[in-house]
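Chain residues, written in single-letter form:
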Amino acid sequence: MNDFQRDVYLVTLLCTAMASVMLIAPSALHRIEFREGDKEHIVEIANRYVIAGLAFLLPAVGGAVLLVTDFLFSPGTAIVATTLVIGSLVSFWIVLPLRRRAATRRG
């Protein structure tokens with residue numbers, strides 16, 4: 001493992017940990033505040049946690065693809081594979097939902 005791979009590993013690990021924290025947090029919040037009559041707050045905060053979790057998950061997945069493909073294949077293959085995966089994630093997680101939201105707000 002070279003220095004680049006070690007750095008990618010660390011960033012990927014930390015992003016994965018934070019994604020786990022943020023994506024699991026809505027369940028903990030719901031369990032703790034269940035039947036407290038604060039549904040609007042729970043839904044609003046849980047939505048923010050999930051969006052933050054996805055924001056951490058995107059570089060975690062990209063980093064994992066980059067790390068494995070850089071280790072096993074050529075740098076060119078690593079760049080192509082990582083770009084395709086990150087492009088897919090951005091398209092399906094950000095671009096398409098925002099496009100749909102804009103369309104529904106227009107009418």
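Residues numbered from 1 in each chain as written. Predicted model: local features only at pLDDT ≥ 70, side-chain atom pairs only at ≥ 80, totals over all residues. Heavy atoms only, no water.

Enquirer: It is not clear to me how the environment of Ala52 should be interpreted in this structure. Could you clarify?
Expert: Looking at the secondary structure, you find Ala52 in helix H2 (residues 39–72). For the pair formed by Ala52 and Ile86, sequence separation is 34 residues and the distance between their alpha carbons is 17 Å. (Helix = DSSP H or I, 4+ residues; strand = E, 2+ residues; numbered from the N terminus.)

Enquirer: Looking at this structure, I do not really get the environment of Arg31. What am I missing?
Expert: With respect to the helices and strands, Arg31 occurs in helix H1 (residues 3–33). Among the polar contacts listed, one links the side chain of Arg31 to the side chain of His30, at a separation of 3.0 Å. (Polar contact = N/O pair within 3.5 Å; in protein donor to acceptor, adjacent residues only side chain to side chain.)

Enquirer: I keep staring at unusual backbone geometry and nothing clicks. Help me out?
Expert: Trans peptide bonds make up the majority, and among non-glycine residues the majority have a negative phi. Although it is not a glycine, Arg35 adopts a positive phi angle of roughly 65°. With respect to the helices and strands, Arg35 occurs in the loop between H1 and H2. Given the relative accessible area of 74%, Arg35 is considered exposed. (Buried < 20%, exposed > 50% of the residue type's maximum accessible area, 1.4 Å probe, protein only.)

Enquirer: Please clarify how the pattern of salt bridges should be interpreted in this entry.
Expert: Side chains that differ in sign of charge can pair as their charged atoms come close. Under the definition given, this model contains two salt bridges. Note that Asp3 and Arg6 form a salt bridge whose closest N and O atoms lie 3.1 Å from each other. On the criterion of helical spacing, the pair formed by Asp3 and Arg6 is a turn pair, its members being three residues apart in helix H1. Look at Asp3 and you get exposed, because its relative accessible area is 56%. We note a salt bridge from Arg48 to Glu44, for which the minimum N-O separation is 2.8 Å. Taken together, the residues Arg48 and Glu44, both in helix H2 and four residues apart, mark about one turn of the helix. (Salt bridge = Lys/Arg side-chain N within 4 Å of Asp/Glu carboxyl O.)

Enquirer: In this structure, what is going on with the packing of H1 against H2? I would like to understand it.
Expert: The relative placement of two packed helices comes down to the angle between their axes together with the axis-to-axis distance. Look at H1 against H2: their axes get within 7 Å of each other, and the N-to-C directions meet at 155°. Classified by the angle their axes make, H1 and H2 are roughly antiparallel. At the point where H1 passes H2, the crossing takes the left-handed sense. Class assignment of the residues belonging to the contact of H1 with H2 gives a composition of 26 nonpolar, seven polar and two charged. (Axes fitted to C-alpha atoms, helices over the stretch in contact; angles between N-to-C directions. Parallel < 35°, antiparallel > 145°, perpendicular 65-115°, else oblique. Left-handed = near helix turned anticlockwise from the far one by under 90°. Nonpolar A, V, L, I, M, F, W, Y, C, P; charged D, E, K, R; others polar.)

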